[in-house]
Amino acid sequence: AQLVVRVLPTLLRLVVAEMHRAPHTAGMTLPQFRVLARLNERDYRAAELAQALEVGCPTLTATADVLVRRGLVERLSVPGDRRGVLLRLTPAGRALYRALEAQAVAGVAALLAELSPQEREALWLGLTALERGLHRVDIPDPAASSGSAE
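Since the structure is predicted, the reported quantities are computational estimates derived from the model, not experimental observations. (Residues numbered from 1 in each chain as written. Predicted model: local features only at pLDDT ≥ 70, side-chain atom pairs only at ≥ 80, totals over all residues. Heavy atoms only, no water.)

Q: Quick question: what am I supposed to make of helix α2 (residues 30–41) here?
A: The terminal C-alpha atoms of α2, which comprises twelve residues, lie 17 Å apart, in line with the 16 Å expected from a rise of 1.5 Å per residue. Within α2, the full set of buried residues consists of Gln32, Phe33, Val35, Leu36, Arg38 and Leu39. (Helix = DSSP H or I, 4+ residues; strand = E, 2+ residues; numbered from the N terminus. Expected span 1.5 Å × (residues − 1). Buried < 20%, exposed > 50% of the residue type's maximum accessible area, 1.4 Å probe, protein only.)

Written out as structure tokens, the structure is:
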């Protein structure tokens with residue numbers, strides 16, 4: 001457990017560095033990548049997304065503004081809620097997210113290529129077991145308990 005906790009921050013830095021190498025990512029920040037990743041899952045109301053990312057609404061608004069200007073995210077009104085704002089990836093945003101994911105996977109694959117076949121198999125077994133464990137644990141999603149208004 002201690003090794004997983006110790007390795008994760010470095011692995012995350014590698015993944016972020018790889019994502020910065022993807023086309024059309026100049027000047028993008030980790031919070032922008034996080035918004036794209038969440039919106040790749042589904043559309044979010046702005047307040048719900050802020051809560052899911054554990055940031056304030058003004059911070060999310062500023063981050064979304066940049067992504068909207070870049071044509072990666074669109075803001076939609078919520079029917080029946082004059083103040084409600086729905087955030088959605090545009091086709092360009094979805095394409096960029098796919099490129100980011102592919103770049104991150106390539107970076108991790110390059111790292112894993114240095115391992116022996118036995119080490120790769122052991123890592124796969126360990127990570128698969130960890131993934132199974134994560135599916136059994138009830139990890140609260142901050143967005144699921146969102147009751148706040150936009």
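Q: Before we go on, may I ask you to explain the pairing of strand β3 (residues 81–89) in this structure?
A: In regular strands, side chains alternate between the two faces of the sheet. As paired elements, strand β1 (residues 44–45) and β3 share two bridges and run antiparallel to each other. The residue of β3 that forms the bridge with tyrosine 44 is leucine 87. Pairing of strand β2 (residues 73–78) with β3 involves six bridges; the strand directions are antiparallel. Within β3, the residue paired with valine 78 across the bridge is aspartate 81. The antiparallel pairing of β2 with β3 creates a hairpin that spans two residues between the two strands, and glycine 80 there sits at a positive phi of about 80°. (Pairing = 2+ DSSP bridges.)

Q: What exactly am I supposed to notice about the nonpolar core here?
A: In globular proteins that are soluble, nonpolar side chains generally tend to be buried together. Leu36, Leu39, Leu49, Leu60, Val73 and Leu87 are the most contacted members of the largest nonpolar core, which totals 25 residues. Only α1 (2–20), α2, α3 (46–53), α4 (57–69), β3 and α5 (91–113) provide two or more residues apiece to this core. Residue contributions to this core peak at five residues, all from α3. Setting aside anything within four residues of it in sequence, one finds leucine 39 in contact with Tyr44, Leu49, Val73, Leu87, Arg88, Leu89 and Arg94. (Core = buried A, V, L, I, M, F, W, Y, C linked by side-chain atoms within 4.5 Å. Contact = heavy atoms within 4.5 Å.)

Q: Honestly, the packing of α2 against α4 in this entry has me stumped. Any pointers?
A: When two helices pack together, their arrangement is given by the angle between their axes and by how far apart the axes lie. For the pair α2 and α4, the least separation of the axes is 10 Å and the interaxial angle reads 80°. In terms of orientation, α2 lies roughly perpendicular with respect to α4. Residues Pro31, Gln32, Val35 and Leu36 of α2 form the contact with α4, whose own contacting residues are Leu60, Thr63, Val66 and Leu67. For the contact of α2 with α4, a count of residues per class yields six nonpolar, two polar and no charged. (Axes fitted to C-alpha atoms, helices over the stretch in contact; angles between N-to-C directions. Parallel < 35°, antiparallel > 145°, perpendicular 65-115°, else oblique. Nonpolar A, V, L, I, M, F, W, Y, C, P; charged D, E, K, R; others polar.)

Q: How should I be thinking about the packing of aromatic side chains in this particular structure?
A: Aromatic ring pairs are reported here in terms of the distance separating the ring centres and the angle at which the planes meet. Under the defined criterion, the tally for this structure stands at zero aromatic pairs. Positioned above the aromatic ring of tyrosine 44, the side-chain terminus of arginine 42 is 3.8 Å from the ring centre. (Phe/Tyr/Trp six-rings, centres within 6.5 Å; stacked < 30°, edge-to-face > 60°. Lys NZ or Arg CZ within 6 Å of the ring centre and 35° of its normal.)

Q: It is not clear to me how the sheet that holds β1 should be interpreted in this structure. Could you clarify?
A: Sheet strands associate in pairs through backbone hydrogen bonding, adopting either a parallel or an antiparallel arrangement. On the basis of which strands lie adjacent, the open sheet formed by three strands has the order β1-β3-β2 and antiparallel pairing. Strands with a single pairing partner mark the edges of an open sheet, and in this sheet they are β1 and β2. Packing of α2 onto the sheet brings it into contact with β1, β2 and β3, and relative to β3 it is tilted by some 95°.

Q: Please explain α1 as it appears in this structure.
A: Because the α-helix completes a turn every 3.6 residues, residues three or four places apart line up on one side. End to end, α1 covers 28 Å across 19 residues, agreeing with the expected 27 Å (1.5 Å per residue, within 8%). Along α1, the residues classified as buried are Val16, Glu18 and Met19. Of the surrounding elements, those touching the buried residues of α1 are α2 and α5.

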